[in-house]
Protein chains: 2
Amino acid sequence: MHTTLDELFSALSDNTRRKILIMLLEDDMAVTDVADPFDMSLPAISKHLSILSNAGLITQEKRGRVNWCKLEPDGLRDASVWMLGFGQFDIVDIESLEKLIETHIDLTQAN
Amino acid sequence: MHTTLDELFSALSDNTRRKILIMLLEDDMAVTDVADPFDMSLPAISKHLSILSNAGLITQEKRGRVNWCKLEPDGLRDASVWMLGFGQFDIVDIESLEKLIETHIDLTQAN
DNA sequence: TCCATATTTAACCATATGGTTAAATATGGA
DNA sequence: TCCATATTTAACCATATGGTTAAATATGGA
């Protein structure tokens, strides 16, 4: 799925959508369940979800009546590649990056 | 300068603005010079620049008639912290990250 | 002093965005 | 078959966004 950086960053520029992404980090969710914590109508959430889909940040799979929303792990890739490729590598200090890498390696080896 | 993630991602969601940031990676520039490569009016560029300022991605310093635009190195920090903290660490594969870190360390030691 | 240069501000416009409510659609289950 | 549940679509609305041109502002320099 080819999406533009415009779509990606724009999808990320809304706090509701960022919260949804974080919720989906836990587990796949039905649209109704995604909507639950928000003080907002179901159609509004439905629209946010299609924006996230179009940006490649989630996928949706309809099983029966339920449309399951699933985080798309590679969705952020283009955005982060842009940011890293941007060259301002100090965006995160080296130390915490190395810590993250170690964590990642640990997790990998735990599998 | 406290800016929201909304402002940050939203500022990054426009290709003109991303191009401007990359231009400023080279060197500080006057507003007129920033505008030059774009097929767009000066006021339009001026607006883009204030959006980038408000998002904390650049700073502007007026010297004489000229308003110098300068990349704000830490501007991307909050956005990238969000993306990394998001947990999907595979956004960039470990290998290229390590390569980047090495490059960075080389550059640091070259100073 | 007066013109040129650099930039922003004002007023405007078309389209996008993020929300609403009401209606439509599709599936599940008694 | 018929109602309930899950979700989307349609129509609408207010405000934001990204552009325009014309005018205003401020500084530099002859």
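### Some points on the overall build of chain A
Argument step 1. The number of helices and strands found in chain A is six helices and three strands.
Argument step 2. The order of α-helices and β-strands along chain A, N terminus first, is α-α-β-α-α-β-β-α-α.
Argument step 3. Looking at chain A residue by residue over its 111 residues, the buried ones come to 41%.
Argument step 4. When contacts within chain A are restricted to residue pairs at least 6 apart in sequence, long-range pairs at least 24 apart make up 51% of them.
Argument step 5. A total accessible area of about 6,400 Å² is found for chain A, and carbon and sulfur atoms account for 50% of it.

### Some thoughts on the side chain of Thr16 of chain A
All names here are of chain A.
Argument step 1. Here Thr16 shows up in helix α2 (residues 15-26).
Argument step 2. Judged by its relative accessible area of 13%, Thr16 is buried.
Argument step 3. Setting aside residues no more than four positions away along its own chain, Thr16 makes contact with Phe38, Met40, Ile45 and His48.

### A closer look at the nonpolar core
Argument step 1. Core analysis: the biggest nonpolar cluster contains 53 residues, and Leu21, Leu49, Leu57 and Trp82 of chain A together with Leu21, Leu49 and Leu57 of chain B have the highest contact counts within it.
Argument step 2. If one sorts the elements of this core by residue count, helix α1 (residues 5-12) of chain A sits on top with five residues.

### Quick notes on the protein's contact with DNA strand D
Argument step 1. What surrounds DNA strand D is a group of 21 residues, the closest being Thr32 and Ser46 of chain A together with Ser41, Lys47 and His48 of chain B.
Argument step 2. Of all atoms in DNA strand D that approach within 4 Å of the protein, 66% are sugar or phosphate atoms.
Argument step 3. Contact between DNA strand D and Arg65 of chain A: a base oxygen at 3.1 Å from a side-chain N or O atom of the residue.
Argument step 4. At the level of elements, α3 (31-35), α4 (42-54) and β3 (66-71) of chain A together with α4 (42-54) of chain B are the ones that each hand at least two residues to the surface near DNA strand D.
Argument step 5. The element contributing the most residues to the surface near DNA strand D is α4 of chain B, with five residues.
Argument step 6. In terms of residue class, the surface near DNA strand D is built from nine nonpolar, seven polar and five charged.

### A short note on the pattern of salt bridges
Argument step 1. Under the criterion given, the structure shown has four salt bridges over all chains.
Argument step 2. When the shortest N-O distance is used, the salt bridge between Arg18 of chain A and Asp6 of chain B registers 2.7 Å. Taken as a pair, Arg18 of chain A in helix α2 and Asp6 of chain B in helix α1 (residues 5-12) lie in two separate chains rather than in one.
Argument step 3. For Arg18 of chain A, a relative accessible area of 4% gives the class buried.
Argument step 4. For Glu61 of chain A, the salt bridge goes to Arg63 of chain A, with nearest N and O atoms at 3.2 Å.
Argument step 5. In this structure Glu61 of chain A comes out as partly exposed when scored by relative accessible area, which is 45%.

The rules behind the values
Along each chain, the written sequence defines residue order, and numbers are assigned to residues from 1. All chains are assigned letters beginning at A, and all ligands numbers beginning at 1, according to the order in which they are written. Only residues with pLDDT of at least 70 get local features here, since the model is predicted, and only at 80 or more are side-chain atom pairs given and counted; chain-wide, interface and lining totals rely on the full set of residues. Heavy atoms from the whole structure form the basis of all side-chain values; hydrogens and water molecules are not counted. Helix and strand labels come from DSSP, where a helix needs a run of H or I of at least four residues and a strand needs a run of E of at least two; each type is numbered from the N terminus. Burial status follows relative accessibility: with a 1.4 Å probe on protein chains alone, a residue under 20% of its type maximum counts as buried, one over 50% as exposed, and anything between as partly exposed. Pairs of residues are marked as contacts when any of their non-hydrogen atoms sit within 4.5 Å. Here the open area of atoms and residues is found with the Shrake-Rupley method and a 1.4 Å probe, where only the protein chains shown may cover a residue. To define a nonpolar core, start from buried Ala, Val, Leu, Ile, Met, Phe, Trp, Tyr and Cys residues and group those joined through side-chain atoms within 4.5 Å. Any residue with a heavy atom lying within 4 Å of a molecule or strand is counted as near it. Polar contact is defined as a pair of N or O atoms within 3.5 Å, subject to the rule that within protein one atom must be able to donate a hydrogen and the other to accept it, and that residues adjacent in sequence are counted only when both atoms are side-chain atoms. The nonpolar class holds Ala, Val, Leu, Ile, Met, Phe, Trp, Tyr, Cys and Pro. Asp, Glu, Lys and Arg form the charged class, and all remaining residues, Gly among them, are polar. What counts as a salt bridge is simple: a side-chain nitrogen of Lys or Arg found within 4 Å of a carboxyl oxygen of Asp or Glu.

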